[in-house]
Amino acid sequence: MANLPHDPGHRAFCPVHEAINILQEKWTLHIIRSLLDGPKGFNELSRAVGGCNPATLAQRVEKLVGLGILEKTVHSTMPPRTSYALTEAGRALQEVVEAIDRWSRRFLKEAVA
């Protein structure tokens, strides 16, 4: 990691910088974490994430679909039902979520307000 460019004006591609930009958006990791249990419909995902307004949730899941982290399936039922699932790239983020879990259990002794 010593060779990572830290200059904000540096224009070279930095994978860590790009990944942090994606994952730092509010609700993104909550969405990914809740889908680690398997596919969910929009309302089920909303309940699992908790506290995210529907417009923001819709925006985040569409962005994650566009990035290839989630896949969206429209089921041909009446009324039509949509579900979201992690792609291979999304499932690979389980390691990130688990690393955050280990870190927080070790260093965050009490809930941070």
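Read on for an overview of the structure. (Residues numbered from 1 in each chain as written. Predicted model: local features only at pLDDT ≥ 70, side-chain atom pairs only at ≥ 80, totals over all residues. Heavy atoms only, no water.)

1. Section: helix α2 (residues 28-35)
Consideration 1: Listed as buried for α2 are T28, I31, I32, S34 and L35. Projected onto a plane normal to the axis of α2, the buried residues spread over an arc of 165° and lie on a single side. (Buried < 20%, exposed > 50% of the residue type's maximum accessible area, 1.4 Å probe, protein only. Helix = DSSP H or I, 4+ residues; strand = E, 2+ residues; numbered from the N terminus. Arc of directions from axis to C-beta.)

2. Description of the side chain of R60
Consideration 1: Within the secondary structure layout, R60 lies in helix α4 (residues 54-66).
Consideration 2: Taking the relative accessible area as the measure of exposure, R60 reaches 14% and is therefore buried.
Consideration 3: For R60, the side chain forms a polar contact with the main-chain oxygen of K26, separated by 2.8 Å.
Consideration 4: Among residues more than four places away in sequence, those in contact with R60 are E25, K26, W27, T28 and I31. (Polar contact = N/O pair within 3.5 Å; in protein donor to acceptor, adjacent residues only side chain to side chain. Contact = heavy atoms within 4.5 Å.)

3. Quick notes on the side chain of S83
Consideration 1: With respect to the helices, strands and loops of the structure, S83 is situated in strand β3 (residues 81-86).
Consideration 2: Relative accessible area serves as the criterion here: at 9%, S83 is assigned to the buried category.
Consideration 3: Of note is the side chain of S83, whose polar atom sits 2.8 Å from the side chain of H75.
Consideration 4: Setting aside its immediate chain neighbours within four residues, S83 contacts K40, G41, E71, K72, T73 and H75.

4. Quick word on the pattern of salt bridges
Consideration 1: Counting across every chain of the model gives 4 salt bridges.
Consideration 2: A salt bridge links E25 to R60, with the nearest nitrogen and oxygen atoms 3.5 Å apart. Here the residue E25 occupies a position in the loop between α1 (15-23) and α2, and R60 occupies one in helix α4, the gap between them amounting to 35 residues.
Consideration 3: Judged by relative accessible area, E25 falls into the partly exposed class, the value being 22%.
Consideration 4: One salt bridge in this structure joins E25 and K63, with 2.3 Å as the shortest N-O distance. Taken as a pair, E25 in the loop between α1 and α2 and K63 in helix α4 lie far apart in primary sequence, 38 residues in all.
Consideration 5: Among the charged side chains, a network of salt bridges with common partners joins E25, R60 and K63. (Salt bridge = Lys/Arg side-chain N within 4 Å of Asp/Glu carboxyl O.)

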